Amino acid sequence: MGYDEARQIWNASIDKRPGVIARCSGVADVIAAIDFARANKLETAIRGGGHNVGGRALCDDGLVIDLSQMRSVHVDAASRKVRVQGGATLGGLDRETHAFGLSVPCGIVPKTGIGGLTLGGGVGWLLRKYGMSIDNLLSCQMVTADSRVITASKSENEDLFWALRGGGGNFGVVTSFEFQAHPVHTVLGGLVLYPRQAAPEVVRHFRDFMLSAPDELTAYAAFIHGPDGTPLVGVIACYCGEISEGERVLQPLRSFGRPMVDAIQPMPMPAMQGLLAASFPDGNQNYWKSTMQRELPDAAIDAIVAHANKMSSPLSALVVEYYGGAAGRVPNDATAFPHRDLPWDILFIAQWTDAAETPIHRDWARAGEAALQPFTSNAHLLSILDSDDDGIVNTAFGANLSRLAAVKQKYDPTNFFRVNQNIKPGQAQAKAV
Ligand SMILES: Cc1cc2nc3c(=O)[nH]c(=O)nc-3n(C[C@H](O)[C@H](O)[C@H](O)COP(=O)(O)OP(=O)(O)OC[C@H]3O[C@@H](n4cnc5c(N)ncnc54)[C@H](O)[C@@H]3O)c2cc1C
């Protein structure tokens with residue numbers, strides 16, 4: 001692989017030129033890379049799956065610790081524990097766990113890295129039943145800024161383990177994650193699609209339905225375009241319990257109004273995880289915004305529908321995600337992820353192909369976030385923050401910021417790991433939220 005290929009990531013809007021890309025194959029390589037960067041005072045980025053929309057996997061001039069060759073996944077079927085290297089992707093994890101009839105709660109697009117996703121919290125199709133990725137994390141093996149190899153778990157370096165569950169890549173390079181997997185093999189899932197005109201009723205019904213849905217069901221509403229450019233609205237659902245019970249539970253959702261397509265059917269979990277893969281190909285331009293809310297009143301739905309109808313690219317999407325369930329029952333301070341009580345996340349995904357059109361599509365995403373300002377809780381998902389969101393990073397850490405800053409001070413006092421959603425060591429910024 002040549003330099004230009006090695007510096008490419010999923011989002012084509014990012015064009016950074018690192019001085020060194022250290023393509024690590026194991027813990028010893030990670031130690032050597034950190035030693036080299038420290039000795040030469042190089043700014044240092046960590047690349048997991050390369051899916052951070054803001055391009056935090058790379059830096060200009062400095063050194064990238066590239067984990068993309070560290071992708072192995074080992075499943076222990078008896079204990080249902082899974083050891084995953086720091087550069088693994090969700091698709092690679094699902095493929096291995098499925099062979100044992102198991103799943104680890106993670107995200108919904110297979111090429112996303114388990115590294116950045118987990119350290120940001122990790123929301124996906126199993127979160128209402130089994131929690132976020134961090135709720136299933138048992139331990140991390142990592143290399144710190146002073147090149148020590150340590151373990152963080154409930155029994156070792158407990159403060160660090162707390163911080164890693166939502167604090168991002170601030171504390172060191174996680175060379176492997178250990179997860180608890182669950183017996184999920186076949187789910188009832190897929191899309192129900194409607195013409196865009198039905199959006200106000202479809203999204204209201206989706207909201208009301210989800211507020212009393214069982215934990216086995218996780219579902220999002222989405223504004224998208226069909227392959228011929230027709231504006232559509234849909235609900236994508238995943239039921240991870242008994243299929244026959246799922247058919248009963250999902251019936252009111254599927255029979256609402258006059259769907260154009262009802263593609264909900266039993267499918268293997270990796271197929272569910274792959275349903276959206278084609279919508280997020282490598283090499284498109286991307287700019288994303290998201291905002292979290294406690295409730296979704298009718299007026300917010302009206303604002304969402306109006307903004308979706310102004311979408312500037314047929315490749316873009318507006319997604320209304322509902323969390324809650326097991327993920328929502330964890331206290332806000334039990335892990336570093338601080339937004340358990342804000343179950344609605346509204347995602348403005350601007351995606352296009354021609355770089356010259358960037359301002360139009362970026363403005364659409366920004367205007368969407370602004371339109372929802374009256375309804376939001378001034379909170380954001382850490383892993384969705386774009387490159388110009390560094391000023392609001394504190395809102396992603398919420399009330400946990402000061403505790404995170406203390407852990408940062410202990411494990412990375414020089415802020416060696418700063419190409420990320422950065423927490424300043426021990427800082428005064430901690431009072432910002
Ligand atoms: C198409 C797409 C779909 C997505 N879907 C979901 C979803 O369903 N659920 C969800 O929760 N999020 C989702 N996200 C957001 C995603 O979690 C973040 O973009 C995350 O940063 C991706 O992780 P990565 O390893 O691929 O990122 P990278 O860009 O490689 O890394 C991002 C940052 O994470 C840190 N990092 C990564 N790996 C490590 C490691 N091993 N050790 C220490 N630090 C590390 C570093 O700070 C790095 O700067 C999605 C993003 C995209 C683009």
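Preceding this section is the structure that the text describes.
Given the structure is predicted, the values throughout are model-derived calculations rather than measurements.

> Describe in detail the overall build of the protein, supporting the description with residues and values.
When its secondary structure is counted, the protein shows 14 helices and 16 strands. Radius of gyration (C-alpha) of the protein: 21 Å, near the 22 Å computed for a compact globule of 433 residues. Taken over 433 residues, the protein has a buried fraction of 58%. A separation of at least 24 residues holds for 72% of the contacts in the protein among residues at least 6 apart in sequence. Within the structure as shown, the protein displays about 16300 Å² of accessible surface, and the carbon and sulfur contribution to it stands at 52%. Side-chain charges in the protein split into 38 positive and 44 negative, and the spacing between the mean points of these groups amounts to 3 Å.

> Break down the pairing of strand β11 (residues 231–239) for me, citing the residues and quoting the values.
Among the nine residues of β11, eight are classified as buried, and the element is accordingly described as predominantly covered. Two elements, strand β10 (residues 217–225) and β11, share nine bridges in a ladder whose sense is antiparallel. Bridging across to β11, I224 finds its partner in L232. Connecting the antiparallel pair β10 and β11 is a turn made up of five residues, with G229 showing a positive phi of about 90°.

> Describe in detail the site of the ligand, supporting the description with residues and values.
The environment of the ligand is made up of 33 residues, and the closest members are G48, G50, N52, R56 and V123. One nitrogen or oxygen atom from the main chain of H51 is found 3.0 Å from an oxygen atom belonging to the ligand. A distance of 3.0 Å separates an oxygen atom of the ligand from a polar atom in the backbone of I108. Across the complex, the protein chains shield 97% of the 940 Å² of accessible surface that the ligand would expose by itself. Of all elements in the fold, only β2 (44–47), α4 (114–119) and β8 (173–180) reach the threshold of two or more residues within the shell around the ligand. Counting residues per element, the shell around the ligand draws most heavily on α4, at four residues. Here the residues of the shell around the ligand sort into 15 nonpolar, 16 polar and two charged.

> Account for the nonpolar core, with residues named and values stated.
Residues F206, F223, L318 and V320 are the most contacted members of the largest nonpolar core, which totals 43 residues. Those residues in contact with L318 that lie beyond four places of it in its chain are A221, A222, F223, I304, A308, M311, I346, L347, F348 and W364. Within the second largest apolar cluster, 40 residues are counted, among which are L90, I114, L119 and W162.

> Give me the lowdown on the pairing of strand β9 (residues 186–195), citing residues and values where you can.
With seven of 10 residues buried, β9 is to be regarded as a mostly interior element. The sheet contact formed by β9 and β11 spans eight bridges and is antiparallel. Bridge pairing in β11 links L193 to G234. Here two bridges tie β9 to strand β12 (residues 261–262), and the two strands are oriented antiparallel to one another. Directly across from V192, in β12, lies its bridge partner D262.

> Could you give an account of the packing of aromatic side chains, naming the residues involved and the relevant values?
In this structure the tally under the stated criterion is nine aromatic pairs. Judged by centre distance (6.2 Å) and plane angle (75°), the rings of F206 and W344 are edge-to-face. With F206 in helix α7 (residues 199–211) and W344 in strand β16 (residues 344–352), the pair connects residues that are 138 residues apart, well separated along the chain. With centroids separated by 5.9 Å and ring planes inclined at 55°, the aromatic side chains of F280 and W288 adopt a geometry described as tilted. Given the relative accessible area of 15%, F280 is considered buried. The lysine or arginine in question, K129, covers the ring of Y130, its NZ or CZ lying 6.0 Å from the ring centre. Positioned above the aromatic ring of W162 is the side chain of R403, whose terminal nitrogen or guanidinium carbon lies 3.8 Å from the ring centre.

Criteria and cut-off values
- Residues numbered from 1 in each chain as written.
- Predicted model: local features only at pLDDT ≥ 70, side-chain atom pairs only at ≥ 80, totals over all residues.
- Heavy atoms only, no water.
- Helix = DSSP H or I, 4+ residues; strand = E, 2+ residues; numbered from the N terminus.
- Rg over C-alpha atoms; globule rule 2.2 N^0.38 Å.
- Buried < 20%, exposed > 50% of the residue type's maximum accessible area, 1.4 Å probe, protein only.
- Contact = heavy atoms within 4.5 Å.
- Areas by Shrake-Rupley, 256 points an atom, 1.4 Å probe, with all protein chains shown as cover.
- Lys, Arg positive; Asp, Glu negative; His and termini not counted.
- Charge placed at Lys NZ, Arg CZ, Asp CG, Glu CD.
- Pairing = 2+ DSSP bridges.
- Near = heavy atom within 4 Å.
- Polar contact = N/O pair within 3.5 Å; in protein donor to acceptor, adjacent residues only side chain to side chain.
- Nonpolar A, V, L, I, M, F, W, Y, C, P; charged D, E, K, R; others polar.
- Core = buried A, V, L, I, M, F, W, Y, C linked by side-chain atoms within 4.5 Å.
- Phe/Tyr/Trp six-rings, centres within 6.5 Å; stacked < 30°, edge-to-face > 60°.
- Lys NZ or Arg CZ within 6 Å of the ring centre and 35° of its normal.

Don't take any of this as a statement about function, it's just geometry.
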